[in-house]
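Residues per chain are reported as follows:
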Amino acid sequence: DAMVIQNPRYQVTQFGKPVTLSCSQTLNHNVMYWYQQKSSQAPKLLFHYYDKDFNNEADTPDNFQSRRPNTSFCFLDIRSPGLGDAAMYLCATSQTTGTVNQPQHFGDGTRLSIL
Amino acid sequence: GEDVEQSLFLSVREGDSSVINCTYTDSSSTYLYWYKQEPGAGLQLLTYIFSNMDMKQDQRLTVLLNKKDKHLSLRIADTQTGDSAIYFCAERASGGYQKVTFGTGTKLQVIP
């Protein structure tokens, strides 16, 4: 009963070829996040959507974009992947109401390889 | 900015207790979390504690929070081989938005 679903689990793309990773949720949470995780490191927040409001982290490269067409779906677009973008990409969701912030729930991730 | 530190590695024998430690710097932290990550998988929320609590117990898991020392620990009783994973401590600061800062992760190895 996966609640945060990421597709595909493994993605291979060529250097410089645009790629899109997808995330869907059945929790109806209002916040969705994208993290990048490299081997043996903590997840690094790229950006998040609070409802339709997009919030980019200051150090997220311009190469990374995101779309959230509706509550359930969120996409990560990498316009021109470089070798340094090979990583696990994690999607997470949470419900935030006023000052109450619920914990984040994660998908199983998409492992991106660059050829 | 916020900083969360953990030791990198812990090895225990099956059946023993494991204690994973975490220190953080943001005194305004409101929630502190423990996540488990198995190889090739996402992060699974194990438990969390609100900053006005000292302890929380959930079956084999016990979380202790020393707010004065900014120290959080996770104790796993009767550790099993299935507990082998990387454990991330994370904290959410007060104010601002929903940013969570993760520690570097502790790899727990359970020896049969």
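Structural data are supplied above this passage.
Peer 1: For this particular structure, what's the right way to read the sheet that holds strand β3 (residues 18–24) of chain B?
Peer 2: Sheets are built from strands paired through backbone hydrogen bonds, the pairs being either parallel or antiparallel. Residues and elements named next belong to chain B. One open sheet accounts for five strands, arranged β1-β3-β8-β7-β6; its pairing is antiparallel. If you trace the sheet from one side to the other, it starts and ends with β1 (4–6) and β6 (55–58), each paired once. Ignoring strand direction, the axes of neighbouring strands in this sheet form an average angle of 15°. Two elements, β1 and β3, share three bridges in a ladder whose sense is antiparallel. Each residue of the ladder has a partner; that of Glu-5, found in β3, is Thr-23.

Peer 1: What is the right way to read the layout of surface pockets from this model?
Peer 2: Rolled over the atoms, a probe sized like a water molecule indicates the empty space that remains. A volume near 460 Å³ is recorded for the largest pocket. Every residue lining the largest pocket is counted, 21 residues in all, and those nearest its centre are A:Gln37, A:Ser39, A:Ser40, B:Gln37 and B:Ile86. Those elements that place two or more of their residues in the lining of the largest pocket are β9 (85–93) and β11 (106–111) of chain B. When the residues that make up the lining of the largest pocket are grouped by side-chain class, the tally is eight nonpolar, nine polar and four charged.

Peer 1: How should I be thinking about the interface of chain A and chain B in this particular structure?
Peer 2: Many analyses report the size of an interface as the accessible area lost when the parts associate. Each partner contributes to the interface: chain A provides 22 residues, whereas chain B provides 19 residues. Considering only the surface of chain A that becomes buried against chain B, A:Asn101, A:Pro103 and A:Phe106 emerge as the three largest contributors, covering 29% of it. Where chain A packs against chain B, one counts five residue pairs in polar contact (both at pLDDT 80 or more). Elements with a minimum of two residues in the side of chain A that touches chain B: β4 (31–37), β5 (44–50) and β9 (87–94) of chain A. For the side of chain A that touches chain B, the element with the highest residue contribution is β4(A), accounting for four residues. Classifying every residue of the side of chain A that touches chain B by side-chain character gives 11 nonpolar, eight polar and three charged.

Reading the values: the criteria
- Residues numbered from 1 in each chain as written.
- Chains lettered and ligands numbered in written order.
- Predicted model: local features only at pLDDT ≥ 70, side-chain atom pairs only at ≥ 80, totals over all residues.
- Heavy atoms only, no water.
- Pairing = 2+ DSSP bridges.
- Helix = DSSP H or I, 4+ residues; strand = E, 2+ residues; numbered from the N terminus.
- Axes fitted to C-alpha atoms, helices over the stretch in contact; angles between N-to-C directions.
- 1 Å grid on protein atoms, 1.4 Å probe; cavity = no way out; pocket = protein on both sides within 12 Å on 5 of 7 lines; lining within 4 Å.
- Points joined across faces, edges and corners; volume = space filled by probe spheres on them.
- Nonpolar A, V, L, I, M, F, W, Y, C, P; charged D, E, K, R; others polar.
- Contact = heavy atoms within 4.5 Å.
- Buried area = accessible area lost by both parts, 1.4 Å probe.
- Polar contact = N/O pair within 3.5 Å; in protein donor to acceptor, adjacent residues only side chain to side chain.

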